[in-house]
Amino acid sequence: MSEKTYPYIRYSKETYSETEMIARSRSFFEWMDQRRTVREFSDKPVPEEVLENIIRAASTAPSGAHKQPWTFCLVTNPEIKTKIREAAEKEEYDSYNGRMTQEWLDDLAPLGTDWQKPFLETAPALIVVFKRIYEEKNGKKKNNYYVAESVGLACGFLLAAIHHAGLAALTHTPSPMNFLCKVLERPDNERPFLLIPVGYAAENVTVPDLQRKPAEQVIVKYERSFI
Ligand code: IYR
């Protein structure tokens, strides 16, 4: 065996009876099913420790060769939020007024989104997720692996942690997002991945009454035949 292998440690995990598993998995699904994206936030601040814990939970996600190719920029500074809003709205204005196809605009119409992004200032925190394409060690660049998959998983964990804390989020993708590298002075190996406002949902906020695909539409079963 290579000398470079990790030392291995025992891992044990609680298991449950089948009845308990069914109940737990159902209640987890029902709880996750209550998560909704919101586009209006209260400006009420969130304790920094909560935001840090949410990010720590995200950073437990699996990643290619355990490179953890992510950086979570936690922005609560009002001036920086304003800069981000101004730059995002500039890009979004151009996107909504010519860069997006009519088909895309038609698909978004039911959600009522437009180029204006007040939530970028209202939400008490913006988590700007960057993917790290490579790491530089002793002047040598080493590429990370499955970067988008890894960072996508971490963002999934992040959204679940936000929901678990009783907070709300919006997965926002201003396009193009390069302005975030500049505003946040990120190094060359980082690319913006998602911009996630986090906070309390605004009072009396509404969300579109959309339906999630039922299990039969998202699960394709290939079962044992028992012949
Ligand atoms: N980035 C734009 C447009 C947008 C695109 C998709 I796909 C959405 O699901 C929602 C919005 C915006 O943030 O408005």
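I will try to describe carefully the structure that is included in this document. (Residues numbered from 1 in each chain as written. Predicted model: local features only at pLDDT ≥ 70, side-chain atom pairs only at ≥ 80, totals over all residues. Heavy atoms only, no water.)

## As for the site of the ligand
So, point 1. In the neighbourhood of the ligand, the contacting residues comprise Arg39, Glu92, Tyr96, Met100, Trp104, Leu108, Asp114, Lys117, His172 and Thr173.
So, point 2. In this structure, an oxygen atom belonging to the ligand sits 2.5 Å away from a side-chain N or O atom of Tyr96.
So, point 3. Contact distances for the ligand include 2.5 Å between an oxygen atom and a side-chain N or O atom of Lys117.
So, point 4. About the coverage of the ligand: the protein hides 71% of its 370 Å² of free accessible area.
So, point 5. Of all the elements in the fold, those that place two or more residues in the shell around the ligand are helix H3 (78-99) and helix H4 (102-108). (Near = heavy atom within 4 Å. Polar contact = N/O pair within 3.5 Å; in protein donor to acceptor, adjacent residues only side chain to side chain. Areas by Shrake-Rupley, 256 points an atom, 1.4 Å probe, with all protein chains shown as cover. Helix = DSSP H or I, 4+ residues; strand = E, 2+ residues; numbered from the N terminus.)

## Re the side chain of Ser150
So, point 1. Among the structural elements, Ser150 can be located in helix H6 (residues 147-164).
So, point 2. Residue contacts for Ser150: discarding those within four places in its chain leaves Pro62, Ser63, Gly64, Pro69, Trp70 and Tyr145. (Contact = heavy atoms within 4.5 Å.)

## Concerning H3
Note that an α-helix has 3.6 residues per turn; residues three or four places apart therefore point the same way.
So, point 1. Between its first and last C-alpha, H3 extends 29 Å over 22 residues, near the 32 Å set by a 1.5 Å rise per residue.
So, point 2. Looking at H3, one finds that the buried residues are Lys81, Ile84, Arg85, Ala87, Ala88, Glu89, Glu91, Glu92, Ser95 and Tyr96.
So, point 3. Check the buried side of H3 and you find it contacts strand E1 (70-75), H4, helix H5 (119-122), strand E2 (125-132), helix H7 (179-183) and strand E6 (190-199).
So, point 4. For H3, the side-chain oxygen to backbone nitrogen distance between the N-cap and Glu79 is 2.8 Å, and the N-cap itself is Asn77. (Expected span 1.5 Å × (residues − 1). Buried < 20%, exposed > 50% of the residue type's maximum accessible area, 1.4 Å probe, protein only.)

## Section: the state of the cysteines
Disulfide: a covalent bond formed between the sulfur atoms of two cysteine residues.
So, point 1. With the rule as written, the count across this model stands at 0 disulfides.
So, point 2. Cys73 forms no disulfide, and the closest cysteine sulfur to it belongs to Cys181, at a distance of 9.4 Å.
So, point 3. With no disulfide partner, Cys155 has as its closest neighbouring cysteine sulfur the one in Cys73, 12 Å distant. (Disulfide = S-S within 2.5 Å.)

## Comments concerning the side chain of Ser42
So, point 1. Inspection of the secondary structure assignment puts Ser42 in the loop between helix H1 (18-32) and helix H2 (48-58).
So, point 2. Within the structure, Ser42 has its side chain in polar contact with the backbone nitrogen of Lys44 (distance 2.9 Å).
So, point 3. Each residue touching Ser42, except ones within four places of it in the same chain, is listed here: Thr122, Ala123, Pro124, Tyr200, Ala201 and Ala202.

## Some thoughts on the packing of aromatic side chains
A ring pair, where both rings are aromatic, is described by two values, the distance of the centres and the angle of the planes.
So, point 1. With the rule as written, the count across this model stands at 2 aromatic pairs.
So, point 2. With a centroid separation of 5.8 Å and an interplanar angle of 35 degrees, the aromatic rings of Phe28 and Trp31 are classed as tilted. Of the two residues, Phe28 and Trp31 are both situated in helix H1; the distance of 3 residues between them amounts to about one turn of the helix.
So, point 3. Look at Trp31 and you get partly exposed, because its relative accessible area is 25%.
So, point 4. The lysine or arginine in question, Arg24, covers the ring of Tyr16, its NZ or CZ lying 3.9 Å from the ring centre.
So, point 5. Across from the ring centre of Phe130, 5.8 Å away, lies the NZ or CZ of Arg186, which sits over that ring. (Phe/Tyr/Trp six-rings, centres within 6.5 Å; stacked < 30°, edge-to-face > 60°. Lys NZ or Arg CZ within 6 Å of the ring centre and 35° of its normal.)

## Regarding H2
So, point 1. Every buried residue of H2 is accounted for by Leu51, Ile54, Ile55 and Ala58. One side of H2 holds all its buried residues, which, seen down the axis, span an arc of 95 degrees. Exposed and facing more than 90 degrees away from the buried side of H2 are Glu49 and Arg56.
So, point 2. Residues of H2 that are buried sit in contact with E1, E2, H6 and E6. (Arc of directions from axis to C-beta.)

## What to know about the nonpolar core
As a rule of thumb, nonpolar side chains are buried together in soluble globular proteins.
So, point 1. Of all hydrophobic cores here, the largest spans 24 residues; its most connected members are Phe72, Ile127, Val129, Leu158, Ile162, Ile196 and Val198.
So, point 2. Elements with a minimum of two residues in this core: H2, E1, E2, H6 and E6.
So, point 3. Per-element tally for this core: the top contributor is H6, with 8 residues.
So, point 4. Sequence-distant contacts of Ile196, that is, excluding residues within four places in its chain, are made with Ala125, Leu126, Ile127, Val129, Leu158, Leu159, Ile162, Ala169, Leu170 and Thr171.
So, point 5. One finds Val38, Leu120, Ala123 and Phe130 within the second-largest nonpolar core, a separate group that totals 21 residues. (Core = buried A, V, L, I, M, F, W, Y, C linked by side-chain atoms within 4.5 Å.)

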